[in-house]
Amino acid sequence: MDDTPYDGKPRVKDYMTRDVATVSPDDTVGDVAERIAGSDDHSGFPVCDGRRVQGFISARDLLLADDMDPIFKVMSDDIIVAHPDMRITDAARVILRSGIQRLPVVDDAGNLVGIISNADVIRSQIERATPEKVGKLLRTLESIHGVKAVEERRMVDLSALVPTQTRVYTDELEGRSYELQNGLAEPLVVIDNAGELLLADGHHRVKAAARLGIEEMDAYVIQLDQRVELGMAKTARKSNLETIDDIEEVDYGHHPLVETTKRLQDPE
């Protein structure tokens, strides 16, 4: 067990997939090969006897095996696992250094409780509203504008938010929707500028929430003691941003990262 005292940092249990597809040690190579071939999501499975993890079988393990061989003969039984209370950053290090793509997550009794993938680790680092980030923004506002600010955690009405970002990307909305549906979404960061609620961080989250019919979200709210002219408010007015409906949704194919990757793959 990871007995590190809880320090507010994200843990594996916050991002792991709990509904895990598994195979039995007695399943045949042919059966598992068919499952892998018929799936867009799985290139391997934890091998479990009941809930106990016995090994892991990947497509590579199946290459030279006979179709009728039982999985226990060809599976990897010297496996690396994670604990649900392991910090997500530690799981990332294990995944990076071992070169594997998925870690079975087991409890203190060795029972499978989830699986954490490299994609889950990446997702955990996107749009994270940490107390450090909020505190830094609060201090910056106080320093630049000479105001006093206080932070509070509360639910905010999404219809009252003024966005400060003109566009969001479809592929990231899918990840944010998953987080919302599974209770994993980070709080928004909102600036209360004398009653004007400016959304400082979390545009993908609110757009995904709107898709799901969610009307309120948890937020870190930085409340200023007097109204000031903020640059992000000017940006909102200049871009005609009044509600989250005004945020443009851009297809993932036009995401700057995707376009950059395409240029690298197809140099002129």
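Rules of the game
The residue numbering used here restarts from 1 in each chain and proceeds along that chain's sequence as written. Local features in a predicted model are, by the rule used here, given only for residues with pLDDT of at least 70; side-chain atom pairs are given and counted only at 80 or more, and totals for whole chains, interfaces and linings are based on all residues. For side-chain calculations, the full set of non-hydrogen atoms in the structure is used, while hydrogens and water are omitted. A run of H or I in DSSP becomes a helix once it reaches four residues, and a run of E becomes a strand once it reaches two; helices and strands are each numbered from the N terminus. For each residue, the accessible area found with a 1.4 Å probe, counting protein chains only, is set against the maximum for its type, and the residue is called buried under 20%, exposed over 50%, and partly exposed in between. Contacts are residue-level and defined by heavy atoms, with any inter-residue pair within 4.5 Å sufficient. DSSP-based pairing: two strands are paired if at least 2 bridges between them are found. An axis is simply a line fitted to the C-alpha atoms; with a helix, the fit covers only the stretch in contact. Between two such axes, the angle follows the N-to-C directions and lies from 0 to 180 degrees. Here is the rule: rings of Phe, Tyr and Trp (six-membered ring for Trp) pair when centre to centre is within 6.5 Å. Planes less than 30 degrees apart are stacked, more than 60 are edge-to-face, and the remainder are tilted. Geometrically, a lysine NZ or arginine CZ counts as sitting over a ring once it is within 6 Å of the ring centre and also within 35 degrees of the ring normal. For the purposes of these results, a polar contact is taken to be a pair of N or O atoms within 3.5 Å, where, inside protein, one atom must be able to donate a hydrogen and its partner to accept one; residues adjacent in sequence count only when each atom of the pair is a side-chain atom. Should an angle lie under 35 degrees it is considered roughly parallel, over 145 roughly antiparallel, and from 65 to 115 roughly perpendicular; all remaining angles are considered oblique. Crossing handedness is defined as follows: a turn of the near helix away from the far one that is anticlockwise and smaller than a right angle gives a left-handed crossing, while the clockwise case is right-handed. Polarity classes work like this: nonpolar for Ala, Val, Leu, Ile, Met, Phe, Trp, Tyr, Cys and Pro, charged for Asp, Glu, Lys and Arg, and polar for all others, with Gly in that last group. In this text, buried Ala, Val, Leu, Ile, Met, Phe, Trp, Tyr and Cys residues form a nonpolar core when linked through side-chain atoms within 4.5 Å. Scored from 0 to 100, pLDDT records how confident the predictor is in each individual residue. Each residue after the first adds 1.5 Å to the expected span of a helix. This arc is taken over the directions from the axis of the helix to the C-beta atoms.

Asks: Please explain the side chain of Ser177 as it appears in this structure.
Replies: Its location among the elements puts Ser177 in helix α8 (residues 170-181). With a relative accessible area of 10%, Ser177 lands in the buried category. Setting aside anything within four residues of it in sequence, one finds Ser177 in contact with Ala208, Arg211 and Leu212.

Asks: Looking at this structure, how should I read the sheet that holds strand β10 (residues 216-224)?
Replies: Think of a sheet as strands paired side by side through backbone hydrogen bonds, with each pair either parallel or antiparallel. The five strands lie next to each other as β5-β10-β8-β9-β6, forming an open sheet whose pairing is mixed. In this open sheet, the two strands that pair with only one neighbour each are β5 (149-157) and β6 (161-162). Strands β5, β8 (188-193), β9 (196-201) and β10 of the sheet are contacted by helix α7 (residues 131-145), whose axis makes an angle of about 30° with β10. Relative to β9, helix α9 (residues 203-211) is tilted by about 110°, and along the sheet it contacts β6, β8, β9 and β10.

Asks: Please clarify how the environment of Glu172 should be interpreted in this entry.
Replies: The residue Glu172 is located in helix α8 in this model. Residue classification places Glu172 among the partly exposed residues on the basis of a relative accessible area of 21%. Expressed as a C-alpha distance, the spacing of Glu172 and Arg205, which sit 33 residues apart in the sequence, is 9.1 Å.

Asks: Is there a simple way to think about the packing of aromatic side chains in this case?
Replies: Centre-to-centre distance and the angle between the planes together describe a pair of aromatic rings. By the definition in use, this model includes zero aromatic pairs. Lying over the aromatic face of Phe45, Arg35 brings its terminal NZ or CZ to 4.5 Å of the ring centre. When the ring centre of Tyr220 is taken as reference, the NZ or CZ atom of Arg153 above it lies at 4.7 Å.

Asks: Whenever I open this one, the side chain of Thr28 confuses me. Can you help?
Replies: Along the chain, the position of Thr28 falls in the loop between α1 (12-15) and α2 (29-37). A polar atom in the side chain of Thr28 sits 3.0 Å from the side chain of Asp31. With residues near it in sequence (within four places) discarded, Thr28 still touches Asp67, Met68, Asp69, Pro70 and Ile71.

Asks: Just checking my understanding: could you explain the environment of Asp251 for this structure?
Replies: In this fold, Asp251 is placed in the loop between β11 (248-250) and α11 (256-265). Between the C-alpha atoms of Asp251 and Val168, which are 83 residues apart in sequence, the distance is 8.7 Å. Aside from chain neighbours lying at most four places away, what touches Asp251 is Tyr169 and Thr170.

Asks: Before we go on, may I ask you to explain the packing of α8 against α9 in this structure?
Replies: Packed helices, taken two at a time, are described by their axes: the angle between them and the distance between them. Where α8 contacts α9, the axes come no closer than 8 Å and their chain directions differ by 70°. One element, α8, and the other, α9, form an angle in the roughly perpendicular class. The crossing of α8 and α9 is right-handed. Contact residues: α8 offers Thr170, Glu172, Leu173, Arg176, Ser177 and Leu180, while α9 offers His204, Arg205, Lys207, Ala208, Ala209 and Arg211. Grouping the constituent residues of the contact of α8 with α9 by class yields four nonpolar, three polar and five charged.

Asks: In this structure, what is going on with the nonpolar core? I would like to understand it.
Replies: The tendency in soluble globular proteins is for nonpolar side chains to be buried as a group. Leu158, Leu161, Leu188, Val190, Val206 and Met217 are the most contacted members of the largest nonpolar core, which totals 18 residues. Among the secondary structure elements, those contributing two or more residues to this core are α8, β8, β9, α9 and β10. What Val190 contacts, discounting residues up to four positions off in sequence, is Leu161, Leu197, Leu198, Leu199, Ala200, Ala219, Tyr220, Val221 and Ile222.

Asks: It is not clear to me how the confidence of the model for the chain should be interpreted in this structure. Could you clarify?
Replies: Scored by pLDDT, the chain has a mean of 83; 86% of the residues are at 70 or more. Averaged pLDDT values over the elements of the chain bottom out at 41 in α11 and peak at 96 in β6. Low confidence marks residues 252-268, where pLDDT is under 50. Its contacts with residues over four positions away, or in another chain, come to twelve contacts.

Asks: Sorry, what's going on with α7 here?
Replies: Working note: α-helix, 3.6 residues per turn, so residues spaced by three or four point in the same direction. The end-to-end C-alpha distance of α7, which contains 15 residues, comes to 21 Å, matching closely the 21 Å that a straight helix rising 1.5 Å per residue would cover. Those residues of α7 lying buried are Val134, Gly135, Leu138 and Leu141. Across the axial projection of α7, the buried residues extend over an arc of 125°, all falling on one side. The outward face of α7, more than 90 degrees from its buried face, is lined by the exposed residues Glu132, Lys136, Arg139, Ser143 and Ile144. Structurally, α7 contributes buried residues whose contacts are with β5, β8 and β10. Trailing α7 by a residue or two, Gly146 shows a phi angle of about 65°, which is positive.

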